[in-house]
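A structural walkthrough
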Amino acid sequence: MRIDHAQLRALAAVVREGSFERAAQSLNVTASAVSQRIKALEDRVGRLLVKRSSPAVATPEGQVLVQLAEQTALLEHDALHRMGIADEDLPHASIPVAVNHDSLETWFPEAARSFAAQTGTTLDLRLEDQDHTVALLRQGAVLGAVTTLDEPVQGCQIHALGSIRYAATCTPAFHAQHFAKGVNAQSLAQAPVLVFNRKDDLQARFARRLAGEDLPLTAPTWWIPSTRAFVQANLGGLGWTMNPLPLVKRHLEAGRLVLMKQHAWEDVPLYWQHWKGDVQTMSLLTRAVLGASAALVRKKR
């Protein structure tokens, strides 16, 4: 069975853009043409490939073909680039990559800058919690991901990057009010805490490590899904939390924030996983990611 490349591109565009209309705009065709191509592809493979929801999402079978489409597009772009040929019929290559919020706010922009200096290819960044970026890789939605998973996803290569250090911080006034008698189960159960979203369990893990494995984090909680706003809320005394050390180091040095106790930090190991295909563009991206990861914490040997 042969699969039509135009149909594959239409499928990938619908899943990437979230709708048939936006996919049509990205491919410079009509929405009807996109719908016809996907219907033809579904008829050919005998499977439903796209859930016509808002946003449109791929079915498990569709995810396999989306990954094939992304890989094929990158291979085509790479081959033509090596030959010095520009094909206006092909959409501009943009590698889909999953990155966690805190990496994007700290070390990953350097990887993007380094990659941009070596190639004309752009990155299509998908933001997700570091414990969940690998799901996008498994689904075929991205070709590379910064993740905490230390086992390679099928068909992927893995590289250890180092660890991002999270410091447990609060303002001096907050510490005097809530932790004057120590950081323990009782004080942690009463002191307000900042949490990024429902997938963020850094604060709960830290609290359990300090006060016992079975301690649930039942304190008053501020839900703040923005890295920068998170730091500002911490500086404003709304609660204690775990912040990426690079974002709060100057505040700690200036005394605007303090560690909740000595060595109050957690090191979260990160890994770079990417599709195994022998593609020069992906090799350049991997080199850029590994270079930028030098800013992360390394284990002393």
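Located above this text is the structure these notes cover.
Now for a quick tour of the structure.

Reading guide: rules and limits
- Residues numbered from 1 in each chain as written.
- Predicted model: local features only at pLDDT ≥ 70, side-chain atom pairs only at ≥ 80, totals over all residues.
- Heavy atoms only, no water.
- Buried < 20%, exposed > 50% of the residue type's maximum accessible area, 1.4 Å probe, protein only.
- Helix = DSSP H or I, 4+ residues; strand = E, 2+ residues; numbered from the N terminus.
- Pairing = 2+ DSSP bridges.
- Axes fitted to C-alpha atoms, helices over the stretch in contact; angles between N-to-C directions.
- Parallel < 35°, antiparallel > 145°, perpendicular 65-115°, else oblique.
- Left-handed = near helix turned anticlockwise from the far one by under 90°.
- Contact = heavy atoms within 4.5 Å.
- Nonpolar A, V, L, I, M, F, W, Y, C, P; charged D, E, K, R; others polar.
- Phe/Tyr/Trp six-rings, centres within 6.5 Å; stacked < 30°, edge-to-face > 60°.
- Lys NZ or Arg CZ within 6 Å of the ring centre and 35° of its normal.
- Core = buried A, V, L, I, M, F, W, Y, C linked by side-chain atoms within 4.5 Å.

Points about the pairing of strand E9 (residues 241-244)
Every second residue of E9 is oriented toward a common face, with Thr241 and Asn243 on one face and Met242 and Pro244 on the other, all of them buried. Note that strand E6 (residues 156-170) and E9 share four bridges and pair antiparallel. Of the residues in E9, the one forming a bridge with Ala167 is Asn243.

Details of the packing of helix H6 (residues 108-118) against helix H13 (residues 280-292)
It is the contact of H6 with H13, at a shortest axis distance of 8 Å, that shows an interaxial angle of 140°. One way to sum up the angle between H6 and H13 is to call them oblique. The chirality of how H6 crosses H13 is right-handed. Residues Phe108, Glu110, Ala111, Ser114, Phe115 and Gln118 of H6 pack against Thr281, Leu284, Leu285, Arg287, Ala288, Val289 and Ala292 of H13. For the contact of H6 with H13, the residue count by class is eight nonpolar, three polar and two charged.

Some remarks on unusual backbone geometry
Across the chain, the bulk of peptide bonds are trans and the bulk of non-glycine residues have phi less than zero. For the peptide bond that leads from Ser54 to Pro55, omega is 5°, which places it in the cis range. If you trace the backbone, Pro55 turns up in the loop between strand E1 (50-51) and strand E2 (57-58). One non-glycine residue, Asn28, lies in the positive phi region at around 60°. Within the secondary structure layout, Asn28 lies in the loop between helix H2 (20-27) and helix H3 (31-45). At His263, a residue that is not glycine, the phi angle is positive and equals roughly 55°.

Notes on the packing of helix H11 (residues 227-235) against helix H12 (residues 245-254)
Between H11 and H12, the shortest axis-to-axis distance is 11 Å and the interhelical angle comes to 25°. Between H11 and H12, the crossing angle belongs to the class labelled roughly parallel. When the axes of H11 and H12 are compared, the crossing they make is right-handed. Listed contacts from H12 to Thr227, Arg228, Val231 and Leu235 of H11 are Leu247, Val248 and His251. Class assignment for the residues of the contact of H11 with H12 results in four nonpolar, two polar and one charged.

What to know about the packing of aromatic side chains
For the coordinates displayed, the defined rule picks out four aromatic pairs. Here the aromatic rings of Phe206 and Trp240 are separated by 6.0 Å at their centres, their planes lie at 50°, and the arrangement is tilted. In this pair, Phe206 is assigned in helix H10 (residues 202-211) and Trp240 in the loop between H11 and E9, connecting sequence segments 34 residues apart. Lying over the aromatic face of Trp223, Arg198 brings its terminal NZ or CZ to 3.8 Å of the ring centre.

A word on the nonpolar core
Counting residues in each nonpolar core, the largest one holds 42 residues, and the members touching the most others are Trp107, Phe179, Trp240 and Met260. Among the elements of the structure, strand E3 (94-99), H6, E6, strand E7 (193-195), H10, strand E11 (265-275) and H13 are those that each provide at least two residues to this core. The greatest single-element share of this core, amounting to six residues, is contributed by H13. If you look at the next biggest cluster of nonpolar residues, it comprises 20 residues, including Leu8, Leu11, Val34 and Leu65.

So, the environment of Ala288
Locating Ala288 in the fold gives a position in helix H13. Sequence-wise, Ala288 and Ala116 are 172 residues apart; in three dimensions their C-alpha atoms are separated by 9.3 Å. Beyond its immediate chain neighbours, meaning those up to four positions away, Ala288 contacts Ala111, Ser114 and Phe115.

Geometric values such as these leave the question of function open.
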